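# Structural overview
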Amino acid sequence: MGSYINLVFLLATFSAVHSYIEYDAWINVELHHALDSDDPDIFKYRANITIPSLNSGLSNVVQEDLSNEDVEKIKSLAVKNGFYRMKAIVEYPNGVKRTFSTANKACSILSAQLNDELWIAIDGSGFVNAITLSTSGVDINECSLFDFSLSTRQYNTEVLIKHTELAPVADTASFIQKIEREREARERGEVKDNRGFFAKYWIYIVPVVILLFVSGAANPDQQK
């Protein structure tokens, strides 16, 4: 009885640990961004994204308004032609967390008026394998000369779920099994070889022909 209880406990623990691999599960993504060019290791909370169903791709985004100080820091990054860096912390239903990093030019963030896209790549098991930040901002060569006037203090983020497509895989195991079955059948005499003489013995005939051809080419005087 004790062994049975231990087995049930182990199975329950395993199920709890691996429950987030279910394809149509929910995840939570917390966003933090680094705005201070003088202290790039400090990340500040930006937003929380809840995706109740990976299959549907619907999301609920709650963003923090930028303070005037935050805006000035992003402008400072843009003037220096620096990168706006973001950290995304993904939390699965069982509490397991995984962190992803992404970045984009601060110029692009400001020129797009804080409109951006967050691409979340999901594999077939429901794991997040990449998070990428992109914008539709214009490509600016000299950021220091651009007017970064903002009409808003809040990000407008579109969350896009991208499901990883698996490439076709060769069915090597079935091919090997087929070859093995044919070989065993030939050994038992169940399969007759109806090939012609040349088809059966070409592996022996061709080398001899090549050897004769090479020998003749090497001794042209003997052919006169």
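Use the structure listed above.
Residues numbered from 1 in each chain as written. Predicted model: local features only at pLDDT ≥ 70, side-chain atom pairs only at ≥ 80, totals over all residues. Heavy atoms only, no water.

## Brief notes about the sheet that holds strand β6 (residues 115-122)
Across the sheet, which stays open at both edges, the three strands sit in the order β7-β6-β8 with mixed pairing between neighbours. Two strands in the sheet have a free side with no partner beyond their single neighbour: β7 (128-135) and β8 (156-163). The mean inter-strand angle of the sheet, taken between neighbouring strand axes irrespective of direction, is 20°. The pairing of β6 with β7 spans seven bridges and is classified as antiparallel. Bridge assignment links L118 to a residue of β7, and that residue is L133. (Pairing = 2+ DSSP bridges. Helix = DSSP H or I, 4+ residues; strand = E, 2+ residues; numbered from the N terminus. Axes fitted to C-alpha atoms, helices over the stretch in contact; angles between N-to-C directions.)

## Here we look at the sheet that holds strand β5 (residues 97-105)
Spatially, β3-β2-β1-β4-β5 is the arrangement adopted by the five strands of the open sheet, whose pairing is antiparallel. Pairing within the sheet leaves two strands with one partner each, and these edge strands are β3 (60-63) and β5. Averaged over all adjacent pairs, the angle separating strand axes in this sheet is 20°, with direction ignored. Examined bridge by bridge, strand β2 (residues 44-51) and β3 share four bridges and lie antiparallel to one another. Paired with N48 across the two strands is V62, which belongs to β3.

## Overview of helix α2 (residues 68-79)
For α2, which comprises twelve residues, the first-to-last C-alpha distance of 16 Å matches the rise-based estimate of 16 Å (1.5 Å per residue) to within 8%. For α2, the complete set of buried residues consists of D70, V71, I74, L77 and A78. Along the axis of α2, the buried positions cluster into a sector of 120°, meaning they face one direction only. Facing away from the buried side of α2 by over 90 degrees, the exposed positions are N68 and E69. For α2, the secondary structure elements touched by its buried residues are β1 (27-34), β2, β4 (83-91) and α3 (106-111). N81 sits one or two residues past α2 and shows a positive phi near 60°. (Expected span 1.5 Å × (residues − 1). Buried < 20%, exposed > 50% of the residue type's maximum accessible area, 1.4 Å probe, protein only. Arc of directions from axis to C-beta. Contact = heavy atoms within 4.5 Å.)

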